[in-house]
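One-letter residues, chain by chain:
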Amino acid sequence: QPQQASAVTKSGYSRAQKSFWSFQPLRRVEPPPVKNAQWVRTPIDTFVLAKLEEKGLSPAPEADRLTFLRRATFDLTGLPPTETEIQAFLADQSAEAYGLVIERLLASPRYGEKWGRNWLDVARYADSTGADEDHRYVHSWRYRDYVIDAFNKDVPYNQFLREQIAGDLLPPPTGEEVNTRGTVATGFLAL
């Protein structure tokens, strides 16, 4: 059926589709007013609190130090904190203690392993075909390691995608003759 001209723009998308929040241009938004202003630590907290208050809810109590460490460590690495990490954090009473934990976790190789796994799931990564013949991809680990490394090096998303789609066509990094990283990244297309 032909769509009504009034509902569809020249781009082929309806006005409702084009008005979706993620397609709107960026603009500065002032934090909304809140009743419990002393709870707010950052401007983002104001937006969260405003929605809670709008629904008649209040924030959960602040987590104790051990709970914070466990949550942060599980969230960023997928693993529990070690006994040494627990003792070091509990002993550090400085104002920077929380930030140092987050920076340490983001710098951990475990960070890339945990978050890279999510990408590998979406990309349908496997070491073999899994069919009756079960053909093994003997070098598939190279692509897996590329993804983990990209997360650990905080490679920008657009570069990450570009490398996987056309990495073999990208120029090699300065001082190198071949773009080995880009070629490995195109394992996305094969796996």
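Note: the structure precedes this text.
Residues numbered from 1 in each chain as written. Predicted model: local features only at pLDDT ≥ 70, side-chain atom pairs only at ≥ 80, totals over all residues. Heavy atoms only, no water.

Visitor: Help me out: how do you make sense of the packing of helix α3 (residues 65–77) against helix α5 (residues 97–107) in this one?
Guide: The geometry of a pair of packed helices is captured by two quantities: the angle between their axes and the separation between those axes. Axis separation between α3 and α5 bottoms out at 10 Å; the angle between their running directions is 20°. By the angle class used here, α3 and α5 are roughly parallel. With respect to the hand of their crossing, α3 and α5 are arranged in right-handed fashion. Within the contact between the two elements, α3 uses Arg65, Phe68, Leu69, Ala72, Thr73, Leu76 and Thr77 and α5 uses Ala97, Tyr98, Val101, Ile102, Arg104, Leu105 and Leu106. For the contact of α3 with α5, the per-class residue count stands at 10 nonpolar, 2 polar and 2 charged. (Axes fitted to C-alpha atoms, helices over the stretch in contact; angles between N-to-C directions. Helix = DSSP H or I, 4+ residues; strand = E, 2+ residues; numbered from the N terminus. Parallel < 35°, antiparallel > 145°, perpendicular 65-115°, else oblique. Left-handed = near helix turned anticlockwise from the far one by under 90°. Contact = heavy atoms within 4.5 Å. Nonpolar A, V, L, I, M, F, W, Y, C, P; charged D, E, K, R; others polar.)

Visitor: How should α5 be read in this particular structure?
Guide: Each α-helix turn comprises 3.6 residues. Residues three or four places apart therefore point the same way. Among the residues of α5, Ala97, Val101 and Leu105 are the ones counted as buried. Axial view of α5: buried residues confined to an arc of 75°, hence all on one face. Exposed positions of α5 whose direction lies more than 90 degrees from the buried face are Leu100, Glu103 and Ala107. Those residues of α5 that are buried lie in contact with α3, α4 (83–91) and α6 (109–122). (Buried < 20%, exposed > 50% of the residue type's maximum accessible area, 1.4 Å probe, protein only. Arc of directions from axis to C-beta.)

Visitor: Is there a simple way to think about helix α8 (residues 157–166) in this case?
Guide: Of all the residues in α8, the buried ones are Phe160, Glu163 and Gln164. Taken around the axis of α8, the buried residues stretch over an arc of 95°, which confines them to a single face. In this structure, the buried residues of α8 make contact with α6, α7 (140–152), α9 (180–185) and α10 (187–190).

Visitor: Teacher, can you tell me more about the nonpolar core here?
Guide: Proteins that are soluble and globular tend to have nonpolar side chains buried together. Membership of the largest hydrophobic core is limited to 11 residues, which are Trp119, Leu120, Ala123, Tyr125, Tyr143, Tyr146, Val147, Ala150, Val155, Phe160 and Ala185. Among the elements of the structure, α6 and α7 are those that each provide at least two residues to this core. Counting 9 residues, the second largest nonpolar core, distinct from the first, contains Leu69, Leu76, Val101 and Tyr111. (Core = buried A, V, L, I, M, F, W, Y, C linked by side-chain atoms within 4.5 Å.)

Remember that the coordinates give geometry; whether it matters functionally is a separate question.
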